[in-house]
Amino acid sequence: MTYLLMSLPFLGVGLIVFAIGAVHARRRGTVRRYFSTWAAATAALLVLTAVFDNVMMSAGFFDYGTDQIAGLRLGLMPVEDFLYPLAGALLLSGVWQLLNKPRETAGHGNG
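Reading the values: rules and limits
- Residues numbered from 1 in each chain as written.
- Predicted model: local features only at pLDDT ≥ 70, side-chain atom pairs only at ≥ 80, totals over all residues.
- Heavy atoms only, no water.
- Axes fitted to C-alpha atoms, helices over the stretch in contact; angles between N-to-C directions.
- Helix = DSSP H or I, 4+ residues; strand = E, 2+ residues; numbered from the N terminus.
- Parallel < 35°, antiparallel > 145°, perpendicular 65-115°, else oblique.
- Left-handed = near helix turned anticlockwise from the far one by under 90°.
- Contact = heavy atoms within 4.5 Å.
- Nonpolar A, V, L, I, M, F, W, Y, C, P; charged D, E, K, R; others polar.
- Core = buried A, V, L, I, M, F, W, Y, C linked by side-chain atoms within 4.5 Å.
- Buried < 20%, exposed > 50% of the residue type's maximum accessible area, 1.4 Å probe, protein only.
- Expected span 1.5 Å × (residues − 1).
- Phe/Tyr/Trp six-rings, centres within 6.5 Å; stacked < 30°, edge-to-face > 60°.

## Considerations on the packing of helix α2 (residues 31-58) against helix α3 (residues 83-99)
Two elements in contact, α2 and α3, have axes whose closest approach is 9 Å; the angle formed by their N-to-C orientations is 150°. By the angle class used here, α2 and α3 are roughly antiparallel. Regarding α2 and α3, the two cross each other, and that crossing is right-handed. Packed against α2, whose contacting residues are Tyr34, Trp38, Thr42, Leu45, Leu46 and Thr49, the element α3 presents Pro85, Leu86, Ala89, Leu90, Ser93, Gly94 and Gln97 at the interface. Each residue belonging to the contact of α2 with α3 can be placed in one class, and the counts come to eight nonpolar, five polar and no charged.

## Here's the deal with the nonpolar core
Leu11, Phe18, Ala22, Ala25, Tyr34, Leu83, Ala87 and Leu90 together form the largest nonpolar core, which totals eight residues. Sorting the residues of this core by element identifies α1 (3-28) and α3 as the ones contributing at least two each. Considering each element in turn, this core owes the most residues, four residues, to α1. Membership of the second largest hydrophobic core comes to six residues, among which are Ala50, Tyr64, Met77 and Phe82.

## Some words on α3
Helix length check: α3, at 17 residues, gives a terminal C-alpha distance of 24 Å against a target of 24 Å (1.5 Å per residue), a fit within 8%. For α3, the complete set of buried residues consists of Leu83, Pro85, Ala87, Ala89, Leu90, Ser93, Gly94 and Gln97.

## Side note on the environment of Gln97
Assignment of secondary structure puts Gln97 in helix α3. With 46 residues separating them along the chain, Gln97 and Val51 place their C-alpha atoms 28 Å apart. Excluding residues within four positions of it along the chain, Gln97 makes contact with Gly21, His24, Ala25, Arg28, Thr30 and Tyr34.

## As for the packing of aromatic side chains
If you walk through the whole model with that rule in mind, you get six aromatic pairs. Aromatic pair Tyr34 and Phe35: ring centres 5.6 Å apart, planes at 75°, arrangement edge-to-face. Assessed through its relative accessible area of 36%, Phe35 is described here as partly exposed. Here the aromatic rings of Phe62 and Tyr64 are separated by 5.8 Å at their centres, their planes lie at 90°, and the arrangement is edge-to-face. Members of the aromatic cluster, joined through ring pairs, are Phe18, Tyr34, Phe35 and Trp38.

Listed below in structure tokens is the structure:
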């Protein structure tokens, strides 16, 4: 089994939860903020993954067998390694949106 095939179920679950979160954000009128914060967090995770995977692989902490990867690499890391942070960012953004309570507007609090 390849790393790409192992990643697909996680990516699928992440996409489903993210889509549900997007519907929830749209109903609340926060869809632009939802997508922009997801994009910023995802970009940061992808950059960190690229840097630290390459550092750890060059240090000899781990490597991937050539039979289990697609063959495309960014430096030393296989491109499939980007699917894990992408799936995590999708999943966590969706869960955060669904668990986040709406903020009270000014003038509607105590007093």
